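An overview of the molecular structure
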Amino acid sequence: MKRTILPIFLLLALTACEERNTLSVPTPKPLPADEIVTEQPKTTESINTVKTPAVKTPKVTKEAKKPVVVQTYTQSKSKQEIFSGGIMTDGLDIGTIRLGKEGATTRLVLDSYKWNIDAKIPSVRAYETGYYTFTYDPKTRHIIGIVDGYRGFSALHGAKERTFGSNNIVKKLSMKPYADDSGFKFIIELKQNAKVNVFDLKGPGRIIVDITPR
């Protein structure tokens, strides 16, 4: 009986020793002095003290633009200009038409007289002009004039038109039918495009038509 127990006890003791050797973690041996690695302390540099080398930006060569050709078109000014003035009256006469020139401007003057049915040529000047409307049409180069309050147009001496051959811009003045017996309608034809201005003056009354070539 004793001989049987003893071998079993020895077997258990050997098994326990093997388990201890398996579970125990070996302690690392210290390295020799010449193999010890010493970690150097990290050094930090300020961003301001670190000089960043300048990076050269390559020059971009712009492609030469092709010249743009702009075509200019000249159009005639077709907007009509209207001038009006004077007073509503009656018993007047366009007694004389005068043509003058100052610089490049040609001035056409229509003088107002008091109408006299018994006189072929009026002699008494009117203080003011009757009501008038002048319309300039650059398209046709015509100035259409209408004067109201006038019973006579003695400046034409019964003719229907008057030409201005020697003038460089005014061609002629011709009468046109007008329904009112106390007014007249006429057209001033121009030889070229012009800047037109129409106004009246008092004492004596007269209608001024200024015509300047453009």
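Refer to the structure printed above.
Residues numbered from 1 in each chain as written. Predicted model: local features only at pLDDT ≥ 70, side-chain atom pairs only at ≥ 80, totals over all residues. Heavy atoms only, no water.

1. Things to note about the overall build of the chain
For the chain, the count of helices and strands is 1 helix and 11 strands. Overall, the chain shows an N-to-C arrangement of helices and strands of α-β-β-β-β-β-β-β-β-β-β-β. Of all 214 residues assigned to the chain, the portion counted as buried reaches 28%. For the chain, the share of sequence-separated contacts (at least 6 apart) that also reach a separation of at least 24 residues comes to 59%. Here the chain has roughly 16,700 Å² of accessible surface; of this, 56% comes from carbon and sulfur atoms. (Helix = DSSP H or I, 4+ residues; strand = E, 2+ residues; numbered from the N terminus. Buried < 20%, exposed > 50% of the residue type's maximum accessible area, 1.4 Å probe, protein only. Contact = heavy atoms within 4.5 Å. Areas by Shrake-Rupley, 256 points an atom, 1.4 Å probe, with all protein chains shown as cover.)

2. Quick word on the pairing of strand S8 (residues 170-176)
Across 3 bridges, the pairing between strand S7 (residues 161-163) and S8 is antiparallel. Looking across to S8, one finds that arginine 162 is bridged to leucine 173. In this antiparallel pair of consecutive strands, S7 and S8, the connection spans 6 residues. As judged from the 6 bridges shared by S8 and strand S9 (residues 183-190), these two strands associate in the antiparallel manner. Residue pairing for S9: lysine 176 is matched across the bridge by lysine 185. The turn linking S8 back onto S9 is made up of 6 residues. (Pairing = 2+ DSSP bridges.)

3. Digging into the sheet that holds strand S3 (residues 105-114)
Sheet architecture is open: 5 strands sit in the order S6-S2-S3-S11-S10, paired in mixed fashion. With one partner strand each, in any of the chains shown, strand S6 (150-152) and strand S10 (194-201) form the two edges of the open sheet. Strand-to-strand twist in this sheet, taken as the mean axis angle between neighbours without regard to direction, amounts to 35°. Where strand S2 (residues 92-102) meets S3, 10 bridges bridge the pair, whose relative direction is antiparallel. Paired with aspartate 93 across the strands is tyrosine 113, a residue of S3. (Axes fitted to C-alpha atoms, helices over the stretch in contact; angles between N-to-C directions.)

4. Re the packing of aromatic side chains
Evaluated as defined, the whole model comprises 4 aromatic pairs. Considering the side-chain rings of phenylalanine 134 and phenylalanine 186, the 5.8 Å spacing of their centres and the 70° angle between planes classify their relative orientation as edge-to-face. Remark: phenylalanine 186 occurs in strand S9 and phenylalanine 134 occurs in strand S4 (residues 132-137); sequence separation between them is 52 residues. Centroid distance phenylalanine 153 to phenylalanine 184: 5.5 Å. Interplanar angle 70°. Geometry classified as edge-to-face. (Phe/Tyr/Trp six-rings, centres within 6.5 Å; stacked < 30°, edge-to-face > 60°.)

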